[in-house]
Amino acid sequence: MSKVKISELKDAPSEGSGKQINLTHPFTETKYVLAIFCVEEKYYVMTDECRMCGGSLGRLPDLRGMFAACSRDQCLWNIRRGSCKFDRSSVTPTYRVSVMEDGLYIEI
């Protein structure tokens, strides 16, 4: 695992919002589409794909407390754990976020 910068602090989402991030890992060149959210002054990052229908969680963020709603079918995903509210066996990857002086980093 390595720490990868995903956002400048000035570009991070504000409280109660989120956004989509397209990331290419600097070493492996693997492409990721991630969703980043800010809730209760903490940042949460998860894969930006609803495992039920393939919709986005971060492109048009719809936060409902600790849940992000899918843009297609309104399925709710726990941004802390990555689990679907209605089917906890369905899980999407989440990433630990570190806030540093020069931006936000995830372990990936």
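What comes next concerns the included structure. Not measured: the values here are computed from a predicted model. (Residues numbered from 1 in each chain as written. Predicted model: local features only at pLDDT ≥ 70, side-chain atom pairs only at ≥ 80, totals over all residues. Heavy atoms only, no water.)

The subject of this paragraph is the side chain of His25. For His25, the location among the structural elements is in the loop between strand E2 (17-24) and strand E3 (31-39). What makes His25 buried here is its relative accessible area of 5%. A polar contact of 3.1 Å, which involves the side chain of His25, links it to the side chain of Ser2. A polar atom in the side chain of His25 sits 3.3 Å from the backbone nitrogen of Thr28. Those residues in contact with His25 that sit more than four places away from it in its chain are Ser2, Val4, Thr30, Tyr32 and Ile108. (Helix = DSSP H or I, 4+ residues; strand = E, 2+ residues; numbered from the N terminus. Buried < 20%, exposed > 50% of the residue type's maximum accessible area, 1.4 Å probe, protein only. Polar contact = N/O pair within 3.5 Å; in protein donor to acceptor, adjacent residues only side chain to side chain. Contact = heavy atoms within 4.5 Å.)

We now examine a positive patch on the surface. A grouping of Lys42, Arg80, Arg81, Lys85 and Arg88 is seen on the molecular surface, where their side chains present a positively charged patch. Looking at the secondary structure, you find Arg81 in the loop between strand E7 (76-78) and strand E8 (94-95). (Patch = residues over 30% accessible without salt bridge, like charges linked within 9 Å, V, L, I, M, F, W, Y side chains within 5 Å. Areas by Shrake-Rupley, 256 points an atom, 1.4 Å probe, with all protein chains shown as cover. Salt bridge = Lys/Arg side-chain N within 4 Å of Asp/Glu carboxyl O. Lys, Arg positive; Asp, Glu negative; His and termini not counted. Charge placed at Lys NZ, Arg CZ, Asp CG, Glu CD.)

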